[in-house]
Amino acid sequence: MSYKLHIEEEGNCLECGTAISGRRDKRFCSLSCKNKYNNRAQMVKRQLRAQTIAALTGNYAILEALLKEGKTGAGLEELTELGFDPAYVTGHRRGHFRHDEYACFDIWYYRTDTRIFHLRRKAADQP
Ligand SMILES: [Zn+2]
């Protein structure tokens, strides 16, 4: 047997903390508080996207500089000192040639725990 309890509970506005009564799922005391809360949530999402794009742009510049110098690999420690963050990638293929393959847009490379190698440009759909 199942039944729903209809209990009027008092909660607090997620934005200003003011006590609110009424429907259990009511989360804000006013439209203004709801808008402020949602705008801030959107801003946090925008900032996260901007940080991710900045990290990828930084990685791309470092990888592109390596290619320009004719290099096809580098130590991860050296790259990290330059600002490369291996956590940011745009593509990943598991275990190709025993090593995981990663992409930063059109630049692909294999990565071990200590270095990247076989750095090259290719489209994502190329083998
Ligand atoms: Zn409020």
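Since we're looking at a predicted model, the values are computed, not measured.

**Student:** Help me out: how do you make sense of the overall build of the chain in this one?
**Tutor:** What the chain contains, in helices and strands, is two helices and seven strands. Reading the helices (α) and strands (β) of the chain from amino to carboxyl end gives β-β-α-β-α-β-β-β-β. For the chain, buried positions account for 9% of its 127 residues. Contacts in the chain between residues at least 24 apart in sequence constitute 37% of all its contacts with a sequence separation of at least 6.

**Student:** Is there a simple way to explain the sheet that holds strand β3 (residues 74-75) in this structure?
**Tutor:** With antiparallel pairing, five strands are arranged side by side in an open sheet as β3-β7-β6-β5-β4. Looking at which strands have only one partner, the edges of the open sheet turn out to be β3 and β4 (91-93). Where strand β6 (residues 107-111) and strand β7 (residues 115-121) come together, four bridges link them in antiparallel fashion. Bridge pairing in β7 links R111 to I116.

**Student:** What am I meant to see in the nonpolar core here?
**Tutor:** Soluble globular proteins tend to bury their nonpolar side chains together. The biggest cluster of nonpolar side chains holds seven residues, and these are L63, L66, C104, I107, W108, Y109 and I116. Elements with a contribution of two residues or more to this core: α1 (31-68) and β6. Here this core takes three residues from β6, the largest share from any one element. Contact partners of W108, with chain neighbours within four places excluded, come to E101, Y102, A103, R120 and K122.

**Student:** Is there a simple way to think about unusual backbone geometry in this case?
**Tutor:** The general pattern is negative phi for most residues beyond glycine and trans for most peptide bonds. A positive phi angle, close to 60°, is found at F105, a residue other than glycine. Structurally, F105 can be placed in the loop between β5 (100-104) and β6.

**Student:** I'm lost on the environment of N35 in this one. Help?
**Tutor:** Position of N35 among the secondary structure elements: in helix α1. Of the residues examined, N35 has 12 C-beta atoms within 10 Å and is grouped as exposed. Along the sequence, N35 and E15 sit 20 residues apart, while their C-alpha atoms lie 9.2 Å from each other.

**Student:** I tried to follow the pairing of β7 on my own but got confused; where do I start?
**Tutor:** Along a regular strand, successive side chains alternate from one face of the sheet to the other. Bridge count for β3 against β7 is two bridges, and the pairing is antiparallel. The partner of G75 across the bridge, within β7, is R115.

**Student:** I keep staring at the confidence of the model for the chain and nothing clicks. Help me out?
**Tutor:** When pLDDT drops low, the exact placement of atoms in the prediction is not to be read closely. Looking at the chain as a whole, the pLDDT averages 90, with 88% of positions reaching at least 70. Least confident of the elements in the chain is strand β1 (residues 11-12), whose mean pLDDT is 90; most confident is β3, at 98.

**Student:** Just checking my understanding: could you explain α1 for this structure?
**Tutor:** Spacing of three or four residues puts side chains on the same side of an α-helix, whose turn is 3.6 residues. Helix length check: α1, at 38 residues, gives a terminal C-alpha distance of 54 Å against a target of 56 Å (1.5 Å per residue), a fit within 8%. Where burial is concerned, little of α1 is hidden: three out of the 38 residues are buried. Here α1 has its buried residues at N59, L63 and L66. On its buried face, α1 is in contact with β3, β5, β6 and β7. One or two steps after α1, the chain reaches G70, where phi turns positive at roughly 80°.

Conventions used here
- Note on numbering: residues in each chain are counted from 1, in written sequence order.
- Reporting of local features is limited, given that this is a predicted model, to residues whose pLDDT is at least 70; pairs of side-chain atoms are given and counted only at 80 or more, and all residues count toward the totals for whole chains, interfaces and linings.
- Strands here are runs of E lasting at least two residues and helices are runs of H or I lasting at least four, both read from the DSSP assignment and numbered beginning at the N terminus.
- Our exposure labels follow a C-beta count within 10 Å of each residue's own C-beta, placed from the backbone: buried means 20 or more other C-beta atoms, exposed means 12 or fewer, and partly exposed covers the counts in between.
- We call two residues in contact if the C-beta atoms placed from their backbones are at most 7 Å apart.
- Any two strands are treated as partners once DSSP identifies two or more bridges connecting them.
- Nonpolar cores are identified as sets of buried Ala, Val, Leu, Ile, Met, Phe, Trp, Tyr and Cys residues joined via C-beta atoms within 7 Å.
- Looking at any residue, its pLDDT shows the predictor's confidence there, from 0 to 100.
- Multiplying one less than the number of residues by 1.5 Å gives the expected span of a helix.

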